[in-house]
Every structure is written in structure tokens, then in C-alpha cells.
Amino acid sequence: MAKNIMDGKEWTAAEFAVLLPQDQDLARPELACVSCDGPAVFRAGPKRRPSFAAQHQHGCQLIAPAWSAFTYLAGQGWAPGLKTNHE
Ligand SMILES: [Zn+2]
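Definitions and cut-offs
Residues numbered from 1 in each chain as written. Predicted model: local features only at pLDDT ≥ 70, side-chain atom pairs only at ≥ 80, totals over all residues. Core = buried A, V, L, I, M, F, W, Y, C linked by C-beta atoms within 7 Å. Buried ≥ 20, exposed ≤ 12 C-beta atoms within 10 Å, placed from the backbone. Helix = DSSP H or I, 4+ residues; strand = E, 2+ residues; numbered from the N terminus. Contact = placed C-beta atoms within 7 Å. pLDDT = per-residue confidence, 0-100. Pairing = 2+ DSSP bridges.

(A) Quick peek at the nonpolar core. Counting residues in hydrophobic clusters, the biggest one holds twelve residues: Met1, Ala2, Trp11, Ala13, Phe16, Leu31, Cys33, Val34, Ala40, Phe52, Ala54 and Leu62. Of all elements in the fold, only α1 (13-17), β3 (31-33) and β5 (48-54) reach the threshold of two or more residues within this core. Those residues in contact with alanine 2, other than ones at most four positions away along the chain, are Trp11, Leu31, Ala32, Cys33, Val34, Ala40, Phe52 and Ala54.

Encoded structure:
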């Protein structure tokens, strides 16, 4: 999950992936980690599931284990439930 630092909206990778290309391009520079505000990037391609990657700050609650779980769960269609896990 990532958030748009301009409007605060939180996105799952699956949600972001279905945006129009021009909307994705507009939002890309504004993406950040929902926990630490570290800059995030959206990644997707023909052979990979959509996902976010971020340069996390020290002490971020979403570092490695949780973020990996998120990308795994996103592929299972469970991503929206994670919104309550990182408040
Ligand atoms: Zn982070």
C-alpha cells in the first residue's frame, strides 16, 4: 500500500494498477509509504503482479516483513483488509 502525499488517499497496488495510465503518471511522483512517508514507486509489468516499493525511513513499521506480506496478500485479493493493520 502507498499513499498520495498530496491528498492523503491510500492505494493498494491492485487499485492503483487499474487507474488510467495518465492518472498513474500524475500520481506516481506523489506516492509515499503510508507509515514513514518514504518515497514509494509503483511497479507492474507483463510478468509481475502490481506492487509498491518504498525507500523506508529507519523504524518504519512497514519495513521488510509487513511489506512482503502486503505484496503477497495483494495477489490473493486480501489487500484491502490490511488498511486496518497499520494505523
Ligand atoms: Zn515505510
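From this point, the narrative continues.
(B) Summary view of the confidence of the model for the protein chain. Residues with a pLDDT of 70 or more make up 72% of the protein chain, whose mean pLDDT is 80. Low pLDDT (under 50) marks residues 78-87, which in the prediction has 15 contacts with non-local residues, meaning those over four places away or in another chain.

(C) Focus on the sheet that holds β3. Read across the open sheet, the three strands follow the order β2-β1-β3; overall the sheet is antiparallel. Sheet topology places β2 (10-11) and β3 at the edges, where each strand pairs with a single neighbour. Here strand β1 (residues 2-4) pairs with β3 via three bridges, running antiparallel. The partner of asparagine 4 across the bridge, within β3, is leucine 31.

(D) Structural context of unusual backbone geometry. For aspartate 37, which is not glycine, the phi dihedral falls at a positive 70°. Looking at the element boundaries, aspartate 37 is found in the loop between β3 and β4 (40-45).

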